[in-house]
Amino acid sequence: MPDPAVPPTPPVALSALLAREDLGLRQIAGPKDTNTVIHWAHTSEMADPYPYLLGGELLLSAGVHIPEAAGSGTYFDDYVSRIVAAGGAALGFGLAPVHDTVPRALVEACDTYELPLLEVPPQTTFSGVARAVWQLMAQARHAELRRVTEAQQSLAAAASRPDPVRAVLRQLAQRIGGWAVLYGPEGAESAAAGRAPDGQGPEAAPAGRAAEATTAGRAAEIAAAGREPGDVVRGALAGLAAVVRPSGPGTPTSATDTAAGTHLAAYALGAGRGFVLGVAAPHRDTGDHTIASVAAVLLSLLTGEHQSGSGAARSSALVRLLLGAEPEAVAPLLGSGGWLVVHGSPDAQPCDPVAAAALGAALGSPLVDLARDVVRVLVPADREPAPQPGWTLGVSAPATARDWPAADTQAARALSRARATRAPLHRHGTHRAALSDLLSPGEAEAHARALLAPLTPPLAETLRTWLSLHGSWDRTAVALAVHRNTVRQRVARCAALLGTDLDDPDVRMELWFALKHSER
């Protein structure tokens, strides 16, 4: 498969091939359209070359296939019509050794079917014509690659300017000679730059422009572009943007169309937040898709900060917290609604900042904290965390900003549970209401404090984990990252301090009830 980052080889203008004095080619029939281009040269002496043509060829023939009585019938009409039906761009007829002149009936057929007919002189070989085509294509490709490289550099520089989104759009519009627009998640135009035809029938770009235009010439051409896009083009581009906006599995990431003679393209930005880049231009060079794709990547990075949790809002929230504000006072800066705390432990230790950032991106939040052996992510409650390859996750119950510390504790315990059960993800609070509903929160907490008073925090945590794992020594040891004998010693110590039999189901139930209410 070709590299999508490299623009395809531009076609060659037929006029450029005719201008080669060393070939001596002469057009003797068909429209003298300066916009005619050829993609390759192909030699064939078949009476019907249709099955062997791909389209866009300069077909070369010495007329070996022509019968003696061809001029009195429909042979040439059938021959030329089949070339046109196959998409052939032009026909080159070689003089000598079979024919001294081009058959008159062939000239008439090419005029009838509007197929350019070139006379190839005896001293010019078909291989020489093919070599000239490839030379011109190589020159065009080199010029196009240079144009794409310059565009990539200018787009990257634009992304570092004070207003990067609009700077990138302006640079993109300049490079493609058209109009570039950024659509927001709701479909409205967030920013736009450049100019494009308004559907009044723009003039076609001259053939071989990519191969012949200099940077200055292209800039002048862009400056002379048409007016702001009219309703037809604007509406069609907005509709195309809706096609690629994420709406579920199978949604395309890019799409192209044509409206009122204007080339349209839409690219879904990779941030996954519904932003779309739209492009409208009167013509489309081979490297324009590559240039627009680079702009789409840059805008994906830039628009990833435009929604809740933007860099500026996060900085403001941090400063306010450092200056003494309460979490619930700064939470609106990060977005509305509840929150989940997610603790993630990588299956392959250790965790680095790149992996932590990748986990945050996968969970849909830039609010990431990297600790020594765990990554903490603050995720909006409307984004349901899913298991992530290479990670073990613990998820808290939804919480407001006031309850973030409690949610952090819940996520830590959920992670311990996930590790012990070897589950990729465990959610806190996945239990049905039971005995706790019969007591007021105050009574339950008072009972828990009295019952667990003899236990130190490490002992209480060991007992909590051991009970949650149904008394499994091995799984408790894994969850707490200690030796199983250490677990046995701690649990025995708990039984001694509490003066109770931990093998009694009633005792275990009462202790579990107390431990659950001690979390609050």
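K.L.:
Account for the overall build of the protein chain, with residues named and values stated.
P.N.:
Summing up its helical and strand segments, the protein chain has 18 helices and 17 strands in all. Burial status across the protein chain gives 44% buried among its 520 residues.

K.L.:
I'd like to hear about the pattern of salt bridges, residue by residue, with values.
P.N.:
Taken as a whole, this structure holds 14 salt bridges when the rule is applied. For Arg104, the salt bridge is made with Glu108, and the minimal N-O distance between the two is 3.7 Å. Of this pair, Arg104 and Glu108 both sit in helix α3 (residues 104-112), four residues apart, roughly one helical turn. Among the residues examined, Arg104 registers a relative accessible area of 58% and is labelled exposed. Given a relative accessible area of 43%, Glu108 falls into the partly exposed group. In this structure, Arg376 engages Asp369 in a salt bridge whose closest nitrogen and oxygen atoms are separated by 3.0 Å. Classification of Arg376 by relative accessible area gives partly exposed; the value is 32%. A relative accessible area of 31% places Asp369 in the partly exposed class.

K.L.:
Could you give me a rundown of the confidence of the model for the protein chain, with the residues and numbers involved?
P.N.:
Of the residues in the protein chain, 86% have a pLDDT of 70 or more, and the chain-wide mean is 81. The least confident element of the protein chain is helix α6 (residues 209-212), whose mean pLDDT is 35; the most confident is strand β7 (residues 117-120), at 96. Taken as a whole, residues 1-6 scores under 50 in pLDDT and shows five contacts with residues more than four places along the chain or in a different chain.

K.L.:
Which residues make up unusual backbone geometry, and what values go with them?
P.N.:
Cis geometry is adopted by the peptide bond preceding Pro97, which originates at Ala96 and carries an omega value of 5 degrees. By the secondary structure assignment, Pro97 is in the loop between β6 (90-94) and α3. For Ala260, which is not a glycine, the phi torsion comes out positive at approximately 50 degrees. For Ala260, the location among the structural elements is in the loop between β10 (254-259) and β11 (262-268).

K.L.:
Lay out the sheet that holds strand β15 (residues 375-380) in plain terms, naming residues and giving numbers.
P.N.:
The pairing of strands in a sheet happens through backbone hydrogen bonds and is either parallel or antiparallel. Pairing is mixed in the open sheet, where five strands are placed in the order β14-β15-β13-β16-β17. Taken across any chain shown, the strands that pair with only one partner, and hence form the sheet edges, are β14 (368-370) and β17 (425-427). Each neighbouring strand pair of the sheet contributes to a mean axis angle of 15 degrees, computed without reference to strand direction. The sheet contact formed by β14 and β15 spans three bridges and is antiparallel. From the neighbouring strand, Leu370 faces β15, where its bridge partner is Val375. Sheet contacts for helix α13 (residues 404-421): β13 (339-346), β15, β16 (391-395) and β17; angle to β13, the most-contacted strand, approximately 35 degrees.

K.L.:
Explain helix α9 (residues 288-303) to me, using residue names and the numbers behind them.
P.N.:
Taking 1.5 Å per residue, 16 residues should reach 22 Å; α9 reaches 22 Å between its end C-alpha atoms and fits that length. Of the residues making up α9, those classed as buried are Asp288, Thr290, Ile291, Ala292, Ala295, Ala296, Leu298, Leu299, Ser300, Leu302 and Thr303.

K.L.:
Kindly report on the nonpolar core, identifying the contributing residues and their values.
P.N.:
Of all hydrophobic cores here, the largest spans 28 residues; its most connected members are Leu169, Leu172, Leu277 and Leu299. Secondary-structure elements contributing two or more residues to this core are α4 (126-158), α5 (164-176), β8 (179-183), β9 (189-194), β11, β12 (276-281) and α9. Here Leu172 is in contact with Leu155, Ala180, Leu277, Val279, Ile291, Ala292 and Ala295, once residues within four sequence places are set aside. Grouped together as the second largest cluster of nonpolar side chains are 21 residues, Ala29, Ile66, Ile83 and Leu115 included.

K.L.:
Any chance you could break down the packing of aromatic side chains for me, citing the residues and the numbers?
P.N.:
Counted according to the given criterion, the structure contains four aromatic pairs. Their ring planes at 5 degrees and their centres at 6.4 Å tell us that Tyr75 and Tyr79 sit as a pair that is stacked. Taken as a pair, Tyr75 and Tyr79 lie in helix α2 (residues 75-85) at a separation of four residues, close to a single helical turn. For the residue pair Tyr75 and Tyr79, the accessibility class agrees, reading buried in each case.

K.L.:
Mind laying out the side chain of Arg245, listing which residues take part and the relevant values?
P.N.:
Residue placement: Arg245 occurs in the loop between α8 (231-244) and β10. At 3.4 Å, the side chain of Arg245 forms a polar contact with the backbone oxygen of Gly184. The residues contacting Arg245, other than those within four sequence positions of it, are Tyr183, Gly184, Pro185, Gly187, Thr251, Gly274 and Val276.

K.L.:
Give me the lowdown on a nonpolar patch on the surface, citing residues and values where you can.
P.N.:
Together, Trp40, Leu54 and Trp134 make up a nonpolar patch on the protein surface, roughly 370 Å² of accessible area in all. Structurally, Trp40 can be placed in strand β4 (residues 40-43).

K.L.:
Run through the environment of Val374, naming residues and quoting values.
P.N.:
Within the secondary structure layout, Val374 lies in the loop between β14 and β15. With a relative accessible area of 13%, Val374 lands in the buried category. Separated by 31 residues in sequence, Val374 and His343 have C-alpha atoms that sit 6.5 Å apart. Aside from chain neighbours lying at most four places away, what touches Val374 is His343, Gly344, Asp369 and Leu415.

K.L.:
Break down the sheet that holds strand β2 (residues 26-29) for me, citing the residues and quoting the values.
P.N.:
If you trace the five strands from one edge of the open sheet to the other, you get β2-β7-β6-β5-β4, paired in mixed fashion. With one partner strand each, in any of the chains shown, β2 and β4 form the two edges of the open sheet. The mean angle between the axes of side-by-side strands here comes to 30 degrees, regardless of whether they run parallel or antiparallel. Direction of pairing for β6 relative to β7: parallel, over a ladder of four bridges. Its bridge partner being in β7, Phe93 is matched across the sheet by Glu119. Contacts from α3 reach β2, β6 and β7 within the one sheet, and its direction differs from that of β2 by about 80 degrees. α4 rests against β4, β5 (57-61), β6 and β7 of the sheet, and its axis sits at about 165 degrees to β4.

K.L.:
Account for the packing of α2 against α3, with residues named and values stated.
P.N.:
It is the contact of α2 with α3, at a shortest axis distance of 9 Å, that shows an interaxial angle of 45 degrees. On the basis of their axis angle, the class for α2 and α3 is oblique. The handedness of the crossing between α2 and α3 is right-handed. Here Phe76, Asp77, Tyr79 and Val80 of α2 come into contact with α3, specifically with Ala105, Leu106, Ala109 and Cys110. Partitioning the contact of α2 with α3 into residue classes produces seven nonpolar, no polar and one charged.

Conventions and cut-offs
Residues numbered from 1 in each chain as written. Predicted model: local features only at pLDDT ≥ 70, side-chain atom pairs only at ≥ 80, totals over all residues. Heavy atoms only, no water. Helix = DSSP H or I, 4+ residues; strand = E, 2+ residues; numbered from the N terminus. Buried < 20%, exposed > 50% of the residue type's maximum accessible area, 1.4 Å probe, protein only. Salt bridge = Lys/Arg side-chain N within 4 Å of Asp/Glu carboxyl O. pLDDT = per-residue confidence, 0-100. Contact = heavy atoms within 4.5 Å. Pairing = 2+ DSSP bridges. Axes fitted to C-alpha atoms, helices over the stretch in contact; angles between N-to-C directions. Expected span 1.5 Å × (residues − 1). Core = buried A, V, L, I, M, F, W, Y, C linked by side-chain atoms within 4.5 Å. Phe/Tyr/Trp six-rings, centres within 6.5 Å; stacked < 30°, edge-to-face > 60°. Polar contact = N/O pair within 3.5 Å; in protein donor to acceptor, adjacent residues only side chain to side chain. Patch = residues over 30% accessible without salt bridge, like charges linked within 9 Å, V, L, I, M, F, W, Y side chains within 5 Å. Areas by Shrake-Rupley, 256 points an atom, 1.4 Å probe, with all protein chains shown as cover. Parallel < 35°, antiparallel > 145°, perpendicular 65-115°, else oblique. Left-handed = near helix turned anticlockwise from the far one by under 90°. Nonpolar A, V, L, I, M, F, W, Y, C, P; charged D, E, K, R; others polar.

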